[in-house]
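Structural overview for review
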Amino acid sequence: MDVVGPAVSERARVALLAQLRHMFRLDEDLSEFYAVAGEDESLAWAAMGAGRMLRSPTVFEDVVKTICTTNCTWGGTVRMVTALVDGLGVAAPGGARTFPTAAALAAAPERFYRDVVRAGYRGAYLLQLADDVASGAIDLEKLNDPELPDDEVEARLLALPGVGPYAAAHVMLTSLGRYSRLVLDSWTRPAYARLVGRNRPPKAATIVGAFRRYGTFAGLAFWLQLTRGWVPDEA
């Protein structure tokens, strides 16, 4: 591992390696998913090793980014997240900036979210979430506890400001390695309809039923089937 900037202590190096393993899910066992995917013609390609969802260092960062995906284009999401990083992130060696801490987000005035981030209605949610995390009222990192059942994790996410069924499923898939929920939104449902040759998106229950055989990996199977075109054949 190469570190940009001054040399770090062995303790810091170990911590950085642990964080990288977390972000790339290097310790995650997907063998059960691969066994089922290998028997599915549309997902056999994934059994070669796909499915490890890149996540942020913290659940908090992924929740903030997910809220910034609601009811807007991808370009809008990129604009909002970039404004948060440029305005509140800490400068790092090489010129980049870190994702801002909950304390930094909580300390920013409402006008920052309105005029700089241009987050619209999301601004109040982001500010409340950051304040709750910074004050210790909410500890999002506890959601990484493998002993928590999916229903409990989903309920805790739905209790957060700005998080609905789509956002909860998205955080569970991309950040927490919990794949039982399908991410159903204005992009995934039409994309699935095109994939199966339908003119209109099926009902949510119909899509969920189509992936029930994947059990706790249903959401991952759904996502990989939709995004197969994002992966070059030679990969």
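Overview of the structure. Predicted model only: the values in this text are computed from it and were never measured. (Residues numbered from 1 in each chain as written. Predicted model: local features only at pLDDT ≥ 70, side-chain atom pairs only at ≥ 80, totals over all residues. Heavy atoms only, no water.)

Structural notes on the overall build of the protein chain
- Helices and strands together make up the secondary structure of the protein chain, namely 12 helices and 0 strands.
- The N-to-C order of helical and strand elements in the protein chain reads α-α-α-α-α-α-α-α-α-α-α-α.
- In terms of overall size, the protein chain behaves like a compact globule, its C-alpha atoms giving a radius of gyration of 19 Å where 235 residues would be expected to give roughly 18 Å.
- By residue count, 41% of the 235 residues in the protein chain fall in the buried class.
- Across the protein chain, the fraction of contacts at a sequence separation of at least 24, relative to all contacts at a separation of at least 6, is 61%.
- Taken together, the 25 basic and 27 acidic charged side chains of the protein chain have centroids lying 6 Å from each other. (Helix = DSSP H or I, 4+ residues; strand = E, 2+ residues; numbered from the N terminus. Rg over C-alpha atoms; globule rule 2.2 N^0.38 Å. Buried < 20%, exposed > 50% of the residue type's maximum accessible area, 1.4 Å probe, protein only. Contact = heavy atoms within 4.5 Å. Lys, Arg positive; Asp, Glu negative; His and termini not counted. Charge placed at Lys NZ, Arg CZ, Asp CG, Glu CD.)

Describing the nonpolar core
- Within the largest apolar cluster, 64 residues are counted, with the highest numbers of intra-cluster contacts made by Phe33, Phe60, Val63 and Leu157.
- If we ignore the near neighbours within four places in the chain, the residues touching Val63 are Leu129, Leu140, Leu157, Leu160, Val163 and Val171. (Core = buried A, V, L, I, M, F, W, Y, C linked by side-chain atoms within 4.5 Å.)

Overview of the packing of aromatic side chains
- Throughout the structure, instances matching the rule amount to 12 aromatic pairs.
- Where Tyr179 meets Phe217, the ring centres are 5.9 Å apart and the plane angle is 25°; that geometry is what we call stacked. Residue Tyr179 is found in the loop between α9 (165-174) and α10 (188-195), and its partner Phe217 is found in the loop between α11 (204-210) and α12 (218-226); the two are separated by 38 residues along the sequence. Each member of the pair, Tyr179 as well as Phe217, is classed as buried.
- Judged by centre distance (5.3 Å) and plane angle (75°), the ring pair of Phe211 and Phe222 falls under edge-to-face. Of this pair, Phe211 sits in the loop between α11 and α12 while Phe222 sits in helix α12, and the two are 11 residues apart along the sequence. Each of the two residues, Phe211 as well as Phe222, counts as buried.
- The ring of Trp45 has Arg228 lying over it, and the distance from NZ or CZ to the ring centre is 4.8 Å. (Phe/Tyr/Trp six-rings, centres within 6.5 Å; stacked < 30°, edge-to-face > 60°. Lys NZ or Arg CZ within 6 Å of the ring centre and 35° of its normal.)

Overview of a nonpolar patch on the surface
- Together, Leu17, Leu20, Phe24, Leu26 and Leu54 make up a nonpolar patch on the protein surface, roughly 460 Å² of accessible area in all.
- Tracing the backbone through its elements, the reader meets Leu17 in helix α1 (residues 10-24). (Patch = residues over 30% accessible without salt bridge, like charges linked within 9 Å, V, L, I, M, F, W, Y side chains within 5 Å. Areas by Shrake-Rupley, 256 points an atom, 1.4 Å probe, with all protein chains shown as cover. Salt bridge = Lys/Arg side-chain N within 4 Å of Asp/Glu carboxyl O.)

Looking at the layout of surface pockets
- By volume, the second largest pocket amounts to about 280 Å³.
- Lining the second largest pocket are 13 residues, and of these Glu28, Arg55, Asn144, Leu176 and Gly177 lie nearest its centre.
- Per-class residue counts for the lining of the second largest pocket are 4 nonpolar, 3 polar and 6 charged. (1 Å grid on protein atoms, 1.4 Å probe; cavity = no way out; pocket = protein on both sides within 12 Å on 5 of 7 lines; lining within 4 Å. Points joined across faces, edges and corners; volume = space filled by probe spheres on them. Nonpolar A, V, L, I, M, F, W, Y, C, P; charged D, E, K, R; others polar.)

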